[in-house]
Amino acid sequence: MARSDLFAKILAVVLVVGAGACGDDSTGGGSGDGGTGDASGLGDGQVTGDGSQCTNSCTTPGVLQCDGTILKVCAQDAPGCLAWTVQQDCAEANQVCDDSGDTPACVTPASCHDGIQNQDESDKDCGGVCPPCPVASQCNGDEDCESGACTNGICQLCKAGTFSCFGNTVRQCANDEGSWTDVATCDPFTALTKCDAASGTCVPIPLVGNPPGPNDENVTGVYYKFASFTADDGLIRDSSHGYAYSGADVDCYQDLIFANRDGEHVDVYRITLLDSDGDGKLEPNQHPDNPDAQGPIEERTLTFVETYDIHSGFPSMNAMYVTADRFYFPQENPQGSDGNTGDLFEYVIATGQTNKVIDSDTMRIHQNSYDPVEHRWYASNEYARRIYSFAADANEWVGEFEYPDMIGSHLDGQEFVADP
């Protein structure tokens, strides 16, 4: 017999014997392989004929499984071993590993913006767990519709007989559930009324709070004066009003104060809080009369940053609302239709451009604030303690609430606090 033939037979015997030894594993996967060398029965820690040690073993080649976001496949690893190996990390494609079907796979998770009607959606990407659906969409109940009106499985414009408010107009839904009928028009400036959708009528603008009383009792809150700023550079002086600085109409953004100097210019200062009591801490609320933070007032300093010329051409600019890249302000326009209007403008810091945001022919605006959640403007007039909101769809101001005279002759400022 040739030497090479003898070596081949010896090697074959070694391979068969090795396979048989591994096939004695308790899983029994290799005992019926007919001596083919199938390693489907090898267990962790067992050794193949070439001395390799099986780890992370599996039994059926080609089988898939999910391990978190990882899709794994049973495949040959070391000679004579099958092991779970990574086929794909689903997360790299913003997918998830789904093993709920017949074959595990990386899939795009169902969402409310995948363009597919899935989950428990009543229509594509709306209803059920998704936001309510627009008119003419499929629905399973009123809660699936933006209008709250689902009839015969279709979202309607409204539910017959119900009321709604379109600015200051009271409307009632017609029997066809596809149109509104105007019922009444409320007057927020003279009659001081507002639309009430619950009753379908105009109701008085509600009064919030109690009057202070003859001895100033019932006044809401306690106020502390923390700082009085002065400057010698003339930039923040307002001689027309006699203020030491333009502090009547200001707003803040982070550590910056935007101050209306004269209706044409806005001066920006950086405010710095000092550790003036030397205790190693900055205490912005510390005040001798503040029970929650008693102590001397921490000093502040102002550093001039820049001036913006808003090029308004109008005689007076009032309070401001400042964001990261622009600020908003009402401007009294003597050329208005009623000779006494206050439109709302924005000044874009990057371009230096002034744009009109709201054309207000019905209300003289002195203060303004903004609800960033509902994207709604609020405004007030310093001579009437009444707050209005702007109904953009109806393009008109709506009375929200008023409050009694507290201490002081007029309203000076306004802030919006959103419910978390």
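Position labels on residues start from 1 in each chain and follow its written sequence. Reporting of local features is limited, given that this is a predicted model, to residues whose pLDDT is at least 70; pairs of side-chain atoms are given and counted only at 80 or more, and all residues count toward the totals for whole chains, interfaces and linings. Only hydrogens and water are removed before side-chain values are computed, so all heavy atoms of the structure are retained for them.

Asker: What is the right way to look at the environment of Cys173 in this model?
Answerer: Under the scheme used here, helices are H or I runs from DSSP no shorter than 4 residues and strands are E runs no shorter than 2 residues, and both carry numbers assigned from the N terminus. With respect to the helices and strands, the residue Cys173 is situated in strand 9 (residues 169–173). Using a 1.4 Å probe on the protein chains alone, a residue whose accessible area is under 20% of its type maximum counts as buried, one over 50% counts as exposed, and one in between counts as partly exposed. Relative accessible area serves as the criterion here: at 4%, Cys173 is assigned to the buried category. A C-alpha to C-alpha distance of 5.5 Å links Cys173 and Thr162, two positions 11 residues apart in sequence.

Asker: Explain the state of the cysteines here, please?
Answerer: Structurally, a disulfide amounts to a covalent bond that connects the sulfur atoms of two cysteines. When two cysteine sulfur atoms lie within 2.5 Å, the pair is treated as a disulfide. Taken as a whole and judged by the stated rule, the model has 11 disulfides. One disulfide bridge connects Cys145 with Cys155, the sulfur atoms lying 2.1 Å from each other. Linking Cys145 and Cys155, the disulfide has an S-S dihedral of approximately -85° and is accordingly described as left-handed. Here Cys145 is found in the loop between strand 5 (105–107) and strand 6 (150–151), whereas its partner Cys155 is found in strand 7 (residues 154–155), with 10 residues between them in sequence. No difference in accessibility class separates Cys145 from Cys155, as the two residues are buried. Here Cys186 engages in a disulfide with Cys202; their sulfurs sit 2.1 Å apart. Here the disulfide of Cys186 and Cys202 is left-handed, its torsion about the S-S bond being about -90°. Note that Cys186 is positioned in the loop between strand 10 (180–185) and strand 11 (193–196) and Cys202 in strand 12 (residues 201–204), a separation of 16 residues in sequence.

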